[in-house]
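# Examination of the molecular architecture
Here are the chains, one letter per residue:
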Amino acid sequence: MTDQASPAAEWGSLTSAEFQSNEKWWPNSLNLRILHQNHPDSIPFGPDFDYRKAFAGIDVEALTADVDALMTDSQDWWPADWGHYGGFFIRMSWHAAGTYRVSDGRGGGGTGAQRYAPLNSWPDNGNLDKARRLLLPIKQKYGKQISWADLFVFAGNRALETMGFTTAGFAFGRADIWAPEDDIYWGPENEWLGDKDERYTGSFEDGNRLLDNPLAAVQMGLIYVNPEGPNGVADAMKSAQDIRETFSRMAMNDEETVALVVGGHTFGKMHGNGPADAVGAEPEGGGLEAQGFGWANTNETGLGEYTITSGLEGAWTPTPTQWDNSYLETIFGHEWELVHSPAGAQQWQPKSVRDGFMVPPVAPGAPETKPTMSTADMAMITDPAYLEISKRYYENPDQLAEAFANAWFKLLHRDMGPAIRYVGPQVPGEEYVWQDNVPAHEGALIGDSEIAELKSTLLDSGLSTEQLISTAWAAASTYRKTDFRGGANGARIRLSPMTDWDINVQSGVGPVISKLEQIQADFNAKGGAKVSLSDLIVLGGSAAVEAAAKAAGHDVSVPFTPGRTDASQESTDVESFSWLEPNADGFRNYVKKQGNVPTEHMLIDKAFMLNLTAPQMTALVGGLRVLGASVGGDGYGEFTDRKGLLTNDFFVNLLDMGTLWSPVGEGDDVFEGRDRATDEPKWKGTRVDLVFGANSQLRALSEEFAAAGGESDMIRHFIDGWVTVMENDRFDLD
Ligand code: HEB
């Protein structure tokens, strides 16, 4: 035993979570902590802080003027290249937003996470600690009226504007978090996110490379491909493959990708003017005296012209602080050869530089330099598809400007959800299909008497409680809080691609929707307030839950707030919505394809996406089982003789010591419970059922729900969780 206890003992007073965590000992254990992150008590402005309200008091014009002035207010401790921080801030914004991934909506600039590890210390984010610090005086001036998250993204937008580019606009509204997200970058989730991506690569043309090493590629590939080429091999064709894959993970197509790279690298420079080993530890690994700064550089002054960041060195254009077509003019106007930067990185420079294309001195006294491209830049004119687009942009600068403006706006706002969540005076009038907007509500809302009338119509419609509950859940549970997409609002469940999803076909959503549409038509034909299909879908489920609880002797009500509207097929980006298809829904015992990820881990992930607490998740699983809401109706986890009543039978029977469980067949995916005395088969269950008795934390909740008085607690959590799920996307109520 002594050697098992050794790490903690040896390190004595070391308090880092790693040495105390159970995951260290049991790496596959469930991480329920992700459900309770960002505790309200961790917010320095108090638990009731509402960023959008605080922002309402800010003078955006003054803020804009301050950020603009900062661009050319060069500081001795980190001088601006050519006296303008524009390129630097664009890179900071792009790296904040560019972690976004459409597969699970995680990443993006929406939370200010770049302040924390690991992002603050990723090599990709080298020296951005200085960019963030440059913003400190502005943050101090405006305090809680402006979040770091907004500031990081806004700074890049203003950088573009101050250098002559007209952006599509800007929306504020990103609230900060006060600790790094526990669900993204470490713990067992890392592994299963990797596996998830693995499942998705089939739909990409060039996804194979990531299969070799999913975890590392997922993490480091998110913002970046290696600028020097895949694994440092200066092959622009292969680089294009990597770029195409990483950018499509950010939901960017070829046109957007070329626009972003060309537009972005119109500004600023790469930094590698000195030996790579002159650079010290990253911020998180630095000494206390460094005060959060990393990458201290002992080469000459370590600043300005001597800066070392990526190790590549040089600017792409002769006008690096000005919007123009010079990136494409430079890249098409020269013959390029492979050279090495002073830091030893492979990069491309013209064999001979044409008149007017030398880059002016980056700092007073520094020399003129040759324009420089990375291998990734060379991909823009090497890959045939990229080349064609680059040519078109070269010949039509207005097309580049428009494509860059739109792609940049999308990059910065993609993780913010529908446009109704945007705030501030610079929000563009134009709507984009990737925003997943729903129409604004018009006319009178249905009132209490109409709600009561509709409830009884729904319950008497011939649709079963199971059907009503399962369909409402199907509509609402596509929500993911990571990028505010999905949910019941819009009734997109009746549109492509949702109608074709295996889970919706299997659970019989189609016929239920048809029936609801008929009820809707009949009701709306009567004149008076109209009901939307999305409201009706939710109301049906909520009425059925209420009825099922009443039938079990609990006189409870399930709150319902009308006001949802129905979106059209035209406003639904089919490709983008296909990312929301569930691979698993443990709440309804559904799994599309059993992968390497244990389904109970996927349940926790879904509960996280749905903003549920562990008790709510537990109550919902147990409740939905005995209500018969599972997909496919094959009876797994229905531990009850009174199906359709909202009871705690699931927990009571799961914990019954009279049952002996054993796995059936290969793979530990399904189990059979037999009577210990008679060996008669009693129940069958999946991993997601049995985990509520097997996992110590979930078991603790199950035991309370199964105990005397526990059923009312369970039902309370069930209803709270249900309403949370039904209203996750009600941004109109905020
Ligand atoms: Fe970039 C910079 C790469 C994309 C913007 N970039 C940079 C660099 C590199 C890179 C290497 C240098 C750094 C230093 O400092 O050293 N990118 C890259 C790649 C990619 C990119 C590979 C993919 C392909 N970018 C990008 C985008 C954008 C950008 C998309 C936007 C839009 N960048 C940028 C800028 C810069 C850079 C602006 C400059 C910075 C300064 O100036 O500082």
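As named in an unreviewed UniProt entry, the protein is Catalase-peroxidase, taken from Ilumatobacter coccineus. Under the Subunit (unreviewed entry) heading, UniProt states for the protein: "Homodimer or homotetramer." Looking at the protein in UniProt, the text filed under Sequence similarities (unreviewed entry) is "Belongs to the peroxidase family. Peroxidase/catalase subfamily."

## Observations concerning the overall build of the protein
For the protein, the count of helices and strands is 30 helices and nine strands. In summary, the protein has a C-alpha radius of gyration of 28 Å against a globular reference of 27 Å for 734 residues, a match within 12%. Along the first, second and third principal axes, the C-alpha atoms of the protein reach 85 × 75 × 50 Å. Per-residue burial for the protein yields a buried fraction of 55% across its 734 residues. For the protein, the share of sequence-separated contacts (at least 6 apart) that also reach a separation of at least 24 residues comes to 73%. Surface exposure of the protein reaches about 29,600 Å², of which carbon and sulfur atoms provide 51%. Each charge class in the protein was averaged separately, 57 positive and 105 negative side chains, and the resulting centres sit 3 Å apart.

## As for the site of the ligand
Taken together, 25 residues sit near the ligand, with H265, G268, K269, H271 and S310 positioned nearest. Within the side chain of H271, a nitrogen or oxygen atom sits 2.6 Å from an oxygen atom of the ligand. Contact between the ligand and S310: an oxygen atom at 2.7 Å from a side-chain N or O atom of the residue. A per-class count over the shell around the ligand returns 16 nonpolar, seven polar and two charged.

## Examining the coordination of the iron atom of the ligand
Protein coordination of the iron atom of the ligand is limited to a single donor, H265 (NE2), which sits 2.1 Å from the metal. Mapped onto the secondary structure, H265 falls in the loop between helix 14 (254-264) and strand 1 (269-270).

## Remarks on helix 14
Of all 11 residues making up helix 14, nine are buried, and the element is well covered by its neighbours. Among all positions in helix 14, only E256, T257, V258, A259, L260, V261, V262, G263 and G264 are buried. In this fold, the buried residues of helix 14 make contact with helix 13 (236-249), helix 15 (326-332), helix 16 (375-378), helix 17 (384-395) and helix 18 (397-413). Between a side-chain oxygen at the N-terminus of helix 14 and the backbone nitrogen of E255 the separation is 3.1 Å; the capping residue is N253.

## A word on the side chain of N653
Inspection of the secondary structure assignment puts N653 in helix 27 (residues 649-655). Leave out the neighbours within four places in its chain, and N653 touches F639, T640, T659 and W683.

## Considerations on the UniProt feature "site: Transition state stabilizer" (unreviewed entry) in the protein
UniProt marks R91 with the feature "site: Transition state stabilizer" (unreviewed entry), using the numbering shown here. The topology assignment puts R91 in helix 6 (residues 86-97).

## Observations regarding unusual backbone geometry
That bond from A117 to P118 is cis: its omega, 0°, falls within 30 degrees of zero. Within the secondary structure, P118 sits in the loop between helix 6 and helix 7 (128-134). Note that the residue after S496, namely P497, is joined by a cis bond; omega there is 5°. Along the chain, P497 falls in the loop between helix 20 (465-476) and helix 21 (502-506). The backbone of W82 shows a phi angle near 50°, a positive value even though the residue is not glycine. Examined against the element boundaries, W82 turns out to sit in the loop between helix 5 (60-71) and helix 6. Not every positive phi belongs to a glycine, and D679 is a case in point at roughly 65°. Considering the arrangement of structural elements, one finds D679 in the loop between strand 8 (670-675) and strand 9 (681-686). Judged by its relative accessible area of 47%, D679 is partly exposed.

## Description of the packing of aromatic side chains
The final tally for this structure, using the stated rule, is 33 aromatic pairs. Ring centres 4.8 Å apart and planes at 50° place the aromatic pair F154 and F172 in the tilted group. You can see F154 sitting in helix 9 (residues 148-162) and its partner F172 sitting in the loop between helix 9 and helix 10 (188-200), a full 18 residues away along the chain. Both residues of the pair, F154 and F172, belong to the buried class. Where F165 meets F404, the ring centres are 5.0 Å apart and the plane angle is 50°; that geometry is what we call tilted. A residue pair is termed long-range when its members are at least 10 positions apart, and F165 in the loop between helix 9 and helix 10 and F404 in helix 18 qualify at 239 residues. Both residues of the pair, F165 and F404, belong to the buried class. Through a chain of ring-to-ring contacts, the aromatic side chains of F639, F650, F651, W661, W683, F692 and F705 assemble into a single cluster. The ring of F731 has R421 lying over it, and the distance from NZ or CZ to the ring centre is 5.7 Å.

Rules of the game
Residues numbered from 1 in each chain as written. Predicted model: local features only at pLDDT ≥ 70, side-chain atom pairs only at ≥ 80, totals over all residues. Heavy atoms only, no water. UniProt positions renumbered as here; feature names shortened; annotations may be inferred. Helix = DSSP H or I, 4+ residues; strand = E, 2+ residues; numbered from the N terminus. Rg over C-alpha atoms; globule rule 2.2 N^0.38 Å. Buried < 20%, exposed > 50% of the residue type's maximum accessible area, 1.4 Å probe, protein only. Contact = heavy atoms within 4.5 Å. Areas by Shrake-Rupley, 256 points an atom, 1.4 Å probe, with all protein chains shown as cover. Lys, Arg positive; Asp, Glu negative; His and termini not counted. Charge placed at Lys NZ, Arg CZ, Asp CG, Glu CD. Near = heavy atom within 4 Å. Polar contact = N/O pair within 3.5 Å; in protein donor to acceptor, adjacent residues only side chain to side chain. Nonpolar A, V, L, I, M, F, W, Y, C, P; charged D, E, K, R; others polar. Donors = N, O, S within 2.8 Å, 3.2 Å for Na, K, Ca; no water. Phe/Tyr/Trp six-rings, centres within 6.5 Å; stacked < 30°, edge-to-face > 60°. Lys NZ or Arg CZ within 6 Å of the ring centre and 35° of its normal.

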